Amino acid sequence: MLNKSVKITLSALCWAFLSQNIFAKDLDPLSPAELSQAVSLAAPEQTTQLAARSAAQAPAVAHELELLLVERRPVDKEQPGKRLADVYSYDYRNDETIHSIVDLNTQERLETERVQNLQLPLTANELARASKLIFNDAEQLSQIQTEYKRITGQTLLKPEQLEVKAFVFTTDTLPEGLNAASQHCGIQRCAQVLLYTHDSVVFEISPIVNLSAGLVTQNISF
């Protein structure tokens, strides 16, 4: 038969185990269903747009709204089981980042704010658009072909011969050496594109693409 101190110890251990699992569950990331619910609550019009978007649409054309990020929002320990979500979208019509907080328990949008000069990381769709804009620009394509020839000795015939990465570009990233067209980056949504060969040789030119305006503004040389 267990003595009183052993019973107390076991009770404490059980409570610690249960508490740990309760709080761990409360920190679970959003499920696919919750992610979908969060977007629907934050921006019903964007849900319709996402459903209508197809692979056949030209990625060089900016969508009015671009879903940037959906993530679980931390809650106070006093609210176990509370599940909130932060939803971030970019409104290309006004060049604003839209941040909404939604309550997945009550199915409510709690608040929404629009902010300029807040640029979250690029989406895969925006990366595809940036790449499309580069290869659709005759002057830019000529420079890329010249650089590819210099590095590989071969002729660049199609975009698939290159590897492409991109990240958000703002004027404070490179305050000097920007032309007038690139000065809007930060207020407008821009990408700096890194090009390299399949064997990881990086190009010495890096295009700046203004996704809001739909054009390549300049090249940065390394």
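Please refer to the structure placed before this passage.
From a predicted model like this one, the values you see are computed outputs, not experimental measurements. (Residues numbered from 1 in each chain as written. Predicted model: local features only at pLDDT ≥ 70, side-chain atom pairs only at ≥ 80, totals over all residues. Heavy atoms only, no water.)

Colleague: I would appreciate a short explanation of the packing of helix H4 (residues 124–136) against helix H5 (residues 138–152) in the present structure.
Modeller: A packed helix pair is summarised by two numbers, namely the angle formed by the two axes and the spacing between the axes. At a closest axis distance of 5 Å, the pairing of H4 and H5 adopts a crossing angle of 90°. The angle between H4 and H5 places the two elements in the roughly perpendicular class. The segment H4 lies against H5, with Ile134, Phe135 and Asn136 engaging Ala138, Gln140, Leu141 and Ile144. Considered class by class, the residues forming the contact of H4 with H5 number 5 nonpolar, 2 polar and no charged. (Axes fitted to C-alpha atoms, helices over the stretch in contact; angles between N-to-C directions. Helix = DSSP H or I, 4+ residues; strand = E, 2+ residues; numbered from the N terminus. Parallel < 35°, antiparallel > 145°, perpendicular 65-115°, else oblique. Contact = heavy atoms within 4.5 Å. Nonpolar A, V, L, I, M, F, W, Y, C, P; charged D, E, K, R; others polar.)

Colleague: Can you walk me through the sheet that holds strand E4 (residues 108–115) in this structure?
Modeller: Strand-to-strand pairing in sheets goes through backbone hydrogen bonds, with the strands running parallel or antiparallel. What the 4 strands build is an open sheet, ordered E1-E2-E3-E4; its pairing is antiparallel. With partners counted over all chains shown, the strands left at the sheet margins are strand E1 (65–73) and E4, one partner each. Taking the axes of each pair of neighbouring strands and ignoring which way they run, one obtains an average angle of 20° across the sheet. Alignment of strand E3 (residues 96–103) against E4, held across 7 bridges, turns out to be antiparallel. Bridged to Ile98 within E4 is Arg114. (Pairing = 2+ DSSP bridges.)

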